[in-house]
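Architecture and fold: a report
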Amino acid sequence: MSVAVQPRWRRLPEERPAQILEAALEVFAERGVSAARLEDIGRRAGVSKATIYLYFPNKEALFREVIRATVVSQIEHGERDFERSSGSATDSYERHMRRYWAFIRSAEFAPIFRLIHAELAQYPDLARFYAEQVVSRGHRLIAAIIRRGIDQGEFREVDPLVAARMLSAPFVMHGIWCRHRDAFPWMENKTDDDVLEDLIRFNLDALCIQSAPPPAKRPRRTR
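Described below are features of the structure shown in this document. (Residues numbered from 1 in each chain as written. Predicted model: local features only at pLDDT ≥ 70, side-chain atom pairs only at ≥ 80, totals over all residues. Heavy atoms only, no water.)

Let's shift gears to the overall build of the protein. A count of helical and extended segments in the protein gives nine helices and zero strands. In the protein, the succession of helices and strands from N to C terminus is α-α-α-α-α-α-α-α-α. Split into buried and exposed, the 223 residues of the protein put 45% on the buried side. Just so you have it, the protein exposes about 12,600 Å², and 55% of that area is on carbon and sulfur atoms. (Helix = DSSP H or I, 4+ residues; strand = E, 2+ residues; numbered from the N terminus. Buried < 20%, exposed > 50% of the residue type's maximum accessible area, 1.4 Å probe, protein only. Areas by Shrake-Rupley, 256 points an atom, 1.4 Å probe, with all protein chains shown as cover.)

Here it is as structure tokens:
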């Protein structure tokens, strides 16, 4: 027997911040940060504008929390995973970039990417927040993995932060291209997983002192 979905406005009070953030991402994605109104977000979440103010002092603070709940939480998960890992840097790199690719391909990433590049010039404080908490923090995590690989003799001597920038940006662009693959003839016979394997192979060949072993074969999925 199917279970009825509980309406948003009947959720427990402790669930309200999460439901407000979920609604905020939807409204920001549809209207942009500038045009989004707290009234619209409240209506989408099934709460009043006054209720939003109980948790978030203004629209900018709400946007920061949306970023923390989506992108920053992914980075934090990667940091914890790396801190616990005791294997090779190559394994840590592959695991992190597969997780990064999954997020880039997720429904949450596309609207956030559009918002960041279309509107943050109007919000310098939010731009600085995103640059530090997302871009720089993500680069520092990749750089730490690369530094471990250098120290363990797996990776050649490079500037880890420069390498992190060079490695991460192509993942974002290829993720975007995969959403518009019909415009790119070279992607005609490649799945998203094929593109990911190309990226991992290319980057590991650039980093490793010896040629990296090929990534483990994964079941091929159709588009």
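Following the structure, the description resumes.
The subject of this paragraph is the packing of helix α5 (residues 89-104) against helix α7 (residues 124-151). At a closest axis distance of 8 Å, the pairing of α5 and α7 adopts a crossing angle of 160°. Put simply, α5 runs roughly antiparallel to α7. The interaxial crossing formed by α5 with α7 has left-handed handedness. On α7, the residues that touch Ala-89, Ser-92, Tyr-93, His-96 and Met-97 of α5 are Leu-141, Ile-142, Ile-145, Arg-148 and Gly-149. Of the residues belonging to the contact of α5 with α7, the class tally is six nonpolar, three polar and one charged. (Axes fitted to C-alpha atoms, helices over the stretch in contact; angles between N-to-C directions. Parallel < 35°, antiparallel > 145°, perpendicular 65-115°, else oblique. Left-handed = near helix turned anticlockwise from the far one by under 90°. Contact = heavy atoms within 4.5 Å. Nonpolar A, V, L, I, M, F, W, Y, C, P; charged D, E, K, R; others polar.)

Attention now goes to the nonpolar core. Membership of the largest hydrophobic core comes to 62 residues, with the highest contact counts inside it found for Phe-28, Ile-41, Phe-63, Ile-67, Ile-146 and Phe-171. With ten residues, the top contributor of residues to this core is α7. Setting aside its immediate chain neighbours within four residues, Phe-28 contacts Val-33, Ala-36, Ile-41, Lys-59, Phe-63, Val-66 and Leu-115. (Core = buried A, V, L, I, M, F, W, Y, C linked by side-chain atoms within 4.5 Å.)

Turning next to the pattern of salt bridges. Taken as a whole, this structure holds 21 salt bridges when the rule is applied. A salt bridge links Glu-94 to Arg-98; the nearest nitrogen and oxygen atoms lie 3.1 Å apart. With Glu-94 and Arg-98 both in helix α5 and four residues apart, the pair spans about one turn of that helix. The exposure class of Arg-98 is buried, given its relative accessible area of 13%. Of the charged contacts, one joins Arg-98 and Glu-197 as a salt bridge, the two residues approaching to 2.8 Å between their closest N and O atoms. With Arg-98 in helix α5 and Glu-197 in helix α9 (residues 192-207), this residue pair connects regions lying 99 residues apart in the sequence. (Salt bridge = Lys/Arg side-chain N within 4 Å of Asp/Glu carboxyl O.)

Quick look at the packing of aromatic side chains now. Aromatic ring pairs are described here by two measures, namely the spacing of the ring centres and the angle between the planes. Across all of its chains, the model carries eight aromatic pairs by this definition. Summarising the aromatic geometry, the rings of Phe-28 and Phe-63 are spaced 5.5 Å apart at their centres and angled 75° between planes, so their arrangement reads as edge-to-face. Placement of Phe-28 in helix α1 (residues 16-35) and of Phe-63 in helix α4 (residues 59-84) is noted, with a sequence separation of 35 residues between them. Here Phe-28 matches Phe-63 in class, with each residue buried. Ring geometry for Phe-103 and Phe-109: centres 5.7 Å apart, planes at 75°, overall edge-to-face. Assigned by exposure class, Phe-103 and Phe-109 land together as buried. Clustering of aromatic rings is evident, with ring pairs tying together Tyr-100, Trp-101 and Phe-171. The ring of Phe-129 has Arg-64 lying over it, and the distance from NZ or CZ to the ring centre is 5.7 Å. (Phe/Tyr/Trp six-rings, centres within 6.5 Å; stacked < 30°, edge-to-face > 60°. Lys NZ or Arg CZ within 6 Å of the ring centre and 35° of its normal.)

To continue, consider the layout of surface pockets. In this structure, the largest pocket spans a volume of roughly 520 Å³. Considering the residues around the largest pocket, the lining is formed by 21 residues, among which Tyr-100, Tyr-130, Val-134, Val-135 and Val-172 are closest to the centre. A total of six residues in the lining of the largest pocket trace back to one element, the largest contributor, which is α7. Looking at the lining of the largest pocket residue by residue, the class counts come to 14 nonpolar, six polar and one charged. (1 Å grid on protein atoms, 1.4 Å probe; cavity = no way out; pocket = protein on both sides within 12 Å on 5 of 7 lines; lining within 4 Å. Points joined across faces, edges and corners; volume = space filled by probe spheres on them.)

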